[in-house]
Amino acid sequence: MGRDPAAFQVKLKAAVDALDRAGVAALCEELIRELATGEEPYPRDWARRHLKTLRDGRFFDHVALVADWFLRMHPDEAWIARDLAQGLIDNGHVTAAIAVLERVRDGDLAPAIRCEVVGLLGRAHKQIYLDGNPKLDQTKAALRDAIRFYFEIYRGDPKEHSWHGINFVSLAMRAERDGVSGLEALPPATQVARDILGVIAARDLEDKRETWDYANAAEAHIALGDHAAAGKALVKFVAHASVNAFALGGTYRQLTQLIQLDTRSAEQQLLIDIVRSALLHRENGGFIADASEVRERADPGHVEQGLERVFGTESYVMHSWLVTGLRRAAAVARIKRRGRTLGTGFIIPGTALDPAWDHQVLLTNNHVVSRQPMIGQLSPGEAEIAFDGVDTGGPFRVAGAPLFESPIRELDVTVLRLDRPVAGVAAIPLAAALPAISTPPPRMCVIGHPLGSELAFSLQDNHLLGVSPQRIHYRSPTEQGMSGGPVFDEQWDLVAIHRRGEKGIPRLDDATQTYDANEGVPIQTIVAAIQQQVAARGT
């Protein structure tokens with residue numbers, strides 16, 4: 001790239017802001033080549049700016065890689081070590097992050113950097129506990145260490161470090177629930193929660209409340225058993241203009257993994273829903289849905305009363321939108337062979353495709369199920385169909401030959417009839433027309449079983465890129481196993497069936513250029529092909 005850090009920063013910022021993952025990766029590779037061959041150390045100020053840009057964009061894999069190279073040139077810079085550790089933690093390399101942080105912790109650090117280093121040590125040890133077996137002594141020791149690290153920072157300045165204080169509160173209450181002893185010398189978590197609420201109330205009087213204060217207040221109210229107050233604080237948190245998917249995702253993990261809200265309680269479940277519904281409306285938002293929750297929400301008898309009155313109309317609307325998505329997920333199936341998930345499918349009313357099909361039908365890709373299977377495909381007789389979101393009493397089988405097939409090179413779709421109806425699944429409405437490119441571009445949602453996992457809602461980086469009568473392209477990231485999954489618009493209407501994702505795919509608006517995209521087949525095109533087949537039968 002040549003030594004022009006200012007020009008590089010402009011390109012990096014543009015790629016990060018556009019969520020251009022391929023572009024960010026290429027620029028970081030370019031930067032590392034410069035660092036490996038440059039004759040002089042890279043300027044510290046520009047290194048700081050580059051890392052901050054990557055960190056703010058949550059490109060933590062690249063943060064870790066680039067920070068490692070910068071640290072080779074500037075081994076005395078604690079802020080580079082801090083960024084390296086944060087990148088390592090977010091990529092699952094927790095013990096490596098601890099080694100980096102321990103090396104710099106006792107150095108001559110500025111107070112602000114020391115707080116961040118010790119706070120990250122708390123976060124790393126918290127992650128060890130959340131990831132590990134809580135019965136092991138080593139895992140319990142990690143929880144105690146996390147609590148002490150967070151309290152060390154909070155105790156130093158309770159007014160400035162309420163975020164560390166609320167982590168102390170939630171971790172200490174988790175330790176009490178899990179029976180982890182050895183923390184008797186520390187103050188009661190409930191007293192610290194009250195103190196934090198007092199600090200936040202004082203900021204309110206001075207009109208100095210910050211974004212994270214709302215999330216901290218919510219956790220403090222939860223610790224004190226006031227879930228209604230927690231919900232009101234979370235509503236303000238998710239509605240704040242500066243809140244992004246990273247902040248929402250962190251809060252979501254805090255509520256579900258650390259605090260472990262009781263989803264059997266409608267009041268506590270709503271706290272999770274407030275954050276999840278906001279998360280799905282943000283760039284890079286998404287989550288894994290627990291099958292038992294999908295089953296419960298899909299039940300027509302499931303009632304959630306009083307929510308609008310307690311939390312306000314706007315949050316109630318967002319909550320209802322989220323519940324609609326969970327109900328759509330109940331119609332999504334794993335397609336398996338001998339217990340191994342090979343693809344995804346979904347059911348819709350047969351009459352939506354052909355008036356003569358007065359039963360449910362399952363749609364999937366032809367490259368997943370075909371009457372003349374090739375390598376990697378299943379025959380209809382081999383396919384086992386399982387719905388995680390519905391209590392069906394066992395897998396379904398395909399009844400007879402496919403009702404309709406279009407090969408991979410054409411529509412790549414197979415329509416199947418199951419051996420019995422799938423009870424308790426609401427009909428998925430079909431979108432009335434193809435989505436249109438607009439500004440800002442519409443967002444697509446793919447639901448499926450990535451790598452055979454639980455039901456995943458993929459809304460990360462999910463803008464519509466291109467539309468043609470035969471294909472739509474979108475940036476929703478998907479994994480192997482999601483082939484055949486439904487693609488929804490923002491109203492949860494069925495737009496397409498997902499078929500593949502690929503790097504360097506030709507653009508739909510200009511085949512001489514390429515982009516990284518996922519590809520689906522529009523449902524209207526499938527309906528038209530089936531109706532054409534019906535018309536041909538009648539002549």
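Before any of the text, the structure's been laid out above.
Let me begin by describing the structure that accompanies this report. Bear in mind the structure is a predicted one, so any value in this text is a computation, not a measurement. (Residues numbered from 1 in each chain as written. Predicted model: local features only at pLDDT ≥ 70, side-chain atom pairs only at ≥ 80, totals over all residues. Heavy atoms only, no water.)

1. Topic: the overall build of the protein chain
Operational definition: Helix numbering and strand numbering both begin at the N terminus, where a helix is a DSSP run of H or I of at least 4 residues and a strand a DSSP run of E of at least 2. Only protein chains enter the calculation, and the probe is 1.4 Å; a residue is then buried if its accessible area is under 20% of its type maximum, exposed if over 50%, and partly exposed in between. Here, residues are in contact when the closest pair of their heavy atoms is within 4.5 Å. Reported accessibility uses the Shrake-Rupley method at a 1.4 Å probe radius. Residues are deemed covered only where the shown protein chains occlude them.
Regarding its fold elements, the protein chain presents 18 helices and 14 strands. Split into buried and exposed, the 539 residues of the protein chain put 53% on the buried side. Of the contacts formed within the protein chain by residues at least 6 apart in sequence, a portion of 65% connects residues at least 24 apart. Working note: accessible area of the protein chain is about 24100 Å², and carbon and sulfur atoms make up 51% of it.

2. A look at helix 1 (residues 5-17)
The following threshold applies: Residue count minus one, scaled by 1.5 Å, sets the expected span of a helix.
Helix length check: helix 1, at 13 residues, gives a terminal C-alpha distance of 18 Å against a target of 18 Å (1.5 Å per residue), a fit within 8%. Against the buried residues of helix 1 lie helix 2 (21-37) and helix 3 (44-56). Just downstream of helix 1, Leu19 is the residue with a positive phi angle, here 55°.

3. Describing the sheet that holds strand 7 (residues 413-416)
Two pairing modes exist for strands in a sheet, parallel and antiparallel, and in both the strands are linked by backbone hydrogen bonds. Quick note on the threshold: Here a strand pair is declared whenever DSSP counts at least two bridges between the two strands. Angles here are taken between N-to-C directions and fall from 0 to 180 degrees, while the axes themselves are lines fitted to C-alpha atoms, restricted in helices to the stretch in contact.
Within the open sheet, the 6 strands sit side by side as 5-2-3-4-7-6. Their pairing is antiparallel. Since the sheet does not close on itself, it has two edges, and those belong to strand 5 (384-386) and strand 6 (404-406), each with one partner. For this sheet the average axis-to-axis angle between neighbouring strands, irrespective of direction, equals 30°. Examined bridge by bridge, strand 3 (residues 340-349) and strand 4 (residues 360-364) share 4 bridges and lie antiparallel to one another. When the sheet's bridge partners are listed, Ile347 is paired in strand 4 with Leu362.

4. Observations concerning the pairing of strand 13 (residues 494-506)
Looking down a regular strand, the side chains alternate between one sheet face and the other. One ladder, built from 3 bridges, connects strand 12 (residues 486-488) with strand 13; its direction is antiparallel. Of the residues in strand 13, the one forming a bridge with Phe488 is Leu494. Between strand 12 and strand 13, which follow one another and run antiparallel, lie 5 residues, and Trp492 among them has a positive phi close to 65°. Sheet topology places strand 13 next to strand 14 (residues 514-522); 8 bridges connect them, and they run antiparallel. In the strand pairing of strand 14, His498 is matched with Gly520.

5. Some points on the nonpolar core
Selection criterion: Only buried residues count toward a nonpolar core. Its members are Ala, Val, Leu, Ile, Met, Phe, Trp, Tyr and Cys residues joined through side-chain atoms within 4.5 Å.
Membership of the largest hydrophobic core comes to 50 residues, with the highest contact counts inside it found for Phe168, Val169, Leu234, Phe237 and Leu248. Contributions of two or more residues to this core are made by helix 8 (137-156), helix 9 (162-178), helix 10 (189-205), helix 11 (211-223), helix 12 (227-239), helix 13 (245-258) and helix 14 (266-280).

6. Examining the pattern of salt bridges
Condition: Salt bridge, as used here, is a side-chain nitrogen of Lys or Arg placed within 4 Å of a carboxyl oxygen of Asp or Glu.
For the structure on display, the rule yields 24 salt bridges. Close ionic contact of Lys52 with Asp56 constitutes a salt bridge, the shortest N to O distance being 2.6 Å. Taken as a pair, Lys52 and Asp56 lie in helix 3 at a separation of 4 residues, close to a single helical turn. Overall, Lys52 belongs to the partly exposed group, its relative accessible area being 43%. With a closest N to O distance of 2.9 Å, Arg507 and Asp509 form a salt bridge. Residue classification places Asp509 among the exposed residues on the basis of a relative accessible area of 56%. A single network of salt bridges, built from pairs that share partners, joins Asp412, Arg471, Arg499, Arg500 and Glu519.

7. Examining unusual backbone geometry
Even without being a glycine, Gln260 presents a positive backbone phi close to 60°. Along the chain, the position of Gln260 falls in the loop between helix 13 and helix 14. Phi at Trp492 takes a positive value of approximately 65°, unusual for a residue other than glycine.

8. A few points about the packing of helix 5 (residues 78-90) against helix 7 (residues 111-131)
When two helices pack together, their arrangement is given by the angle between the helix axes and by the axis-to-axis distance. Worth spelling out the cut-off: By the definition adopted for this analysis, an angle is roughly parallel if under 35 degrees, roughly antiparallel if over 145, roughly perpendicular if from 65 to 115, and oblique otherwise. Two helices crossing with the near one rotated counterclockwise from the far one by less than a right angle form a left-handed crossing, whereas a clockwise rotation gives a right-handed crossing.
Following both chains from N to C, one finds helix 5 and helix 7 inclined at 20°, their axes separated by 10 Å at the closest point. By the angle between their axes, helix 5 is roughly parallel relative to helix 7. Between helix 5 and helix 7 lies a crossing of left-handed hand. Side by side, helix 5 and helix 7 meet where Ala78, Trp79, Arg82, Gln86, Ile89 and Asp90 of the first sit next to Ile113, Glu116, Leu120, Arg123 and Ala124 of the second.

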